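Architecture and fold: a report
Here is how the chains run, residue by residue.
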Amino acid sequence: MSRLPYPDKPKPRGGVPLSTFNLLFFMVVLGVMIGGSAMLASAPTLFNHRATQDYFSTLQAWVGQREASIVATQAAIAHEFNRLENAATQQAINLDATAVALGSDAALLRQTATQLTNFAQATATANAAQTNRQMTQVALDFVATQSQIDQIATQAALNFAATMAAFGTPEAALPAQSLSLAAPPTQPALPFDSSPTPLPVGQPVHTAFSGGIPSHRWLTSGSTDWAQSQRGVVAQQGANAWLLARAPARGRAEITFEPALASPVVYRVLLLGNNGENWYLQIDTEALRATRAALYRFDGGLPVQGVGERLAETALSLPLQGLNLLTLDLFNGFEASLNGSALLRVADRTLPALPQFGVQFPPGALIATVLLN
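Summarised in this report is the structure supplied together with it. Quantities reported herein were computed from a predicted structural model and do not represent experimental measurements. (Residues numbered from 1 in each chain as written. Predicted model: local features only at pLDDT ≥ 70, side-chain atom pairs only at ≥ 80, totals over all residues. Heavy atoms only, no water.)

1. So, the sheet that holds strand 5 (residues 242–248)
The following threshold applies: Strands pair, by our definition, only if DSSP identifies at least two bridges between them. Each helix corresponds to a stretch of at least 4 residues labelled H or I by DSSP, and each strand to a stretch of at least 2 residues labelled E; elements are numbered beginning at the N terminus. Between the N-to-C directions of two axes lies an angle of 0 to 180 degrees, each axis being a line fitted to C-alpha atoms and, for a helix, fitted only over the stretch in contact.
Reading across from one edge, 2-5-14-7-8-9-10 is the order of the seven strands in this open sheet, with antiparallel pairing throughout. At either margin of the open sheet sits one strand with a lone partner, and together these are strand 2 (218–220) and strand 10 (307–319). Neighbour-to-neighbour, the strand axes of the sheet open up by a mean angle of 15°, direction not taken into account. Inspection of the sheet shows strand 5 paired to strand 14 (residues 356–360) by four bridges, in the antiparallel sense. Bridge pairing in strand 14 links L243 to V359.

Here it is, written out as structure tokens:
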């Protein structure tokens, strides 16, 4: 059986459809209109080169000004930093200079204080020497006056004897003491006499040295070792000025004294016993403060030289006053105190028996009174 042939397919029509062509045409026209408008709007900027150049020149000038301002700010900051650094350095230099100046002032103050102390010591020494010279001159004047009075009395006695002889009365009838006035003393009678004249044992002895050193109560190292003042006697230059009571100290000794201005100095209180026990109390001082007290045996020679066993010792820090009271108590062992403060105590030693009390003081120290019981 024969097959029928398929019908022929319709062939597509050639060309662009009208609707498509219209759409494309519309889009082209719209693009041309938009592009032309944009070109017209931007043409003055794109094609006006002078305005563009002016704009960029202005922008560049502004950027340059900003850079110059930043550079100026950096320079100002660097200048301020340098100024602050210089100020800090100057302050450090000023502080160093101030510290050096303060150190110099402190050294000057110390030097001034030392100089004032030296002046005070020199003044005290000069006053003591002047007082000693005045006392010596007074003694010499007294001796000269006494000698002149004796000569006048002797001459009067001789005239009286001649008158009596003229009346027939023999010269031998005159009183013997009238002729003895003719013998003047052979040496000046200074107020310090060391001739021994012991006091009766057991009597309390109170001595006020404002009137000098009474020779019937005290032995002394020498008239030149002590100077007289209105308040007492002052130890002179040298460390050998000593006083020794003729009467023994049976139980208690009290001494009032004014301290020496020199520093450091040593004060010694002496106890010379008749049983071979000789002690002395030593008080070390510095800057008008008692710093140490010690009790020693010694050989009994004056001034103190041969030092033996140290019996007791204690460290101190006691201020010295204008007038000080030093007390030695021998009733229950040995006990010493200064202005009511204990110095040291010894209770297990053989005490000096019926000791003679004495002192050996530094130059410039003044002894006002001593009481012995």
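2. Re the environment of I367
Where we set the bar: Exposed residues in this analysis have more than 50% of their type's maximum accessible area, buried residues have under 20%, and partly exposed residues fall in between, with area computed by a 1.4 Å probe over protein chains only. Residues count as neighbours in contact if any of their non-hydrogen atoms are within 4.5 Å of one another.
Along the polypeptide, I367 turns up in strand 15 (residues 366–372). By relative accessible area, which is 0% here, I367 ends up buried. Along the chain, I367 and W226 lie 141 residues apart, while their C-alpha atoms are 10.0 Å from each other. Residues contacting I367, with those up to four places away along its chain left out, are F209, W226, R231, G232, V233, L243, I255, T256, F257, V359 and F361.

3. Observations regarding a nonpolar patch on the surface
Put simply, the rule reads: Residues enter patches when they are more than 30% accessible in relative terms and free of salt bridges; like-charged ones are connected within 9 Å and nonpolar ones (Val, Leu, Ile, Met, Phe, Trp, Tyr) within 5 Å. Computed by Shrake-Rupley with a 1.4 Å probe, the accessible areas treat only the displayed protein chains as cover when residues are assessed. By convention in these notes, a salt bridge is any Lys or Arg side-chain nitrogen within 4 Å of a carboxyl oxygen on Asp or Glu.
A cluster of nonpolar side chains, contributed by L23, L24, F26, M27, L30 and I34, occupies part of the molecular surface with about 630 Å² of accessible area. By secondary structure assignment, the location of L23 is in helix 1 (residues 18–47).

4. What to know about the environment of P303
Position of P303 among the secondary structure elements: in the loop between strand 9 (289–298) and strand 10. Its relative accessible area of 17% is what places P303 among the buried residues. A C-alpha to C-alpha distance of 9.9 Å links P303 and L243, two positions 60 residues apart in sequence.

5. With respect to the environment of A260
Mapping A260 onto the fold places it in the loop between strand 6 (252–258) and strand 7 (265–272). For the pair A260 and A287, spaced 27 residues apart in sequence, the C-alpha to C-alpha distance is 9.8 Å. Those residues within four positions of A260 in sequence are excluded, and the remaining contacts are Y267, L288, P362, P363, G364 and A365.

6. Remarks on the nonpolar core
How we decide: In this text, buried Ala, Val, Leu, Ile, Met, Phe, Trp, Tyr and Cys residues form a nonpolar core when linked through side-chain atoms within 4.5 Å.
In terms of nonpolar packing, the biggest core is built from 47 residues, with L281, L328, F334, L343, F357 and I367 touching the most fellow members. Once residues within four sequence positions are removed from consideration, F334 is found in contact with L271, W279, L281, L295, L328, D329, L344, R345, V346 and L351. Among the nonpolar cores identified, the runner-up in size contains nine residues, and Y280, Y296, F298 and V304 belong to it.

7. Section: the pairing of strand 12 (residues 334–338)
In terms of residue burial, strand 12 counts as a mostly covered element, since four of its five residues are buried. Pairing between strand 11 (residues 324–329) and strand 12: four bridges, direction antiparallel. Within the sheet, the bridge partner assigned to L328 lies in strand 12 and is A336. Across five bridges, strand 12 lies against strand 13 (residues 341–346) in antiparallel orientation. Bridging from a neighbouring strand, S337 pairs with A342 of strand 13.

8. Concerning the pattern of salt bridges
Enumeration according to the criterion identifies eleven salt bridges in this entry. For the salt bridge of R292 with D284, the shortest nitrogen-to-oxygen distance reads 2.8 Å. Of the two residues, R292 and D284, both sit in the buried class. Between R345 and E335 there is a salt bridge; the shortest N-O distance is 3.0 Å. Linking R345 in strand 13 with E335 in strand 12, this pair joins segments that are ten residues apart in sequence.

9. A short note on unusual backbone geometry
At the junction of S263 and P264, the peptide bond is cis and its omega measures out at -10° in the coordinates. By the secondary structure assignment, P264 is in the loop between strand 6 and strand 7. Residue P303 is bonded to the preceding L302 through a cis peptide linkage, with omega at 0°. A positive phi angle is found at A287, which is not glycine, with a value near 55°. Tracing the chain through its elements places A287 in the loop between strand 8 (278–286) and strand 9. For A287, a relative accessible area of 57% gives the class exposed. Of note, N339 is a non-glycine position whose phi angle comes to about 55°, a positive value.

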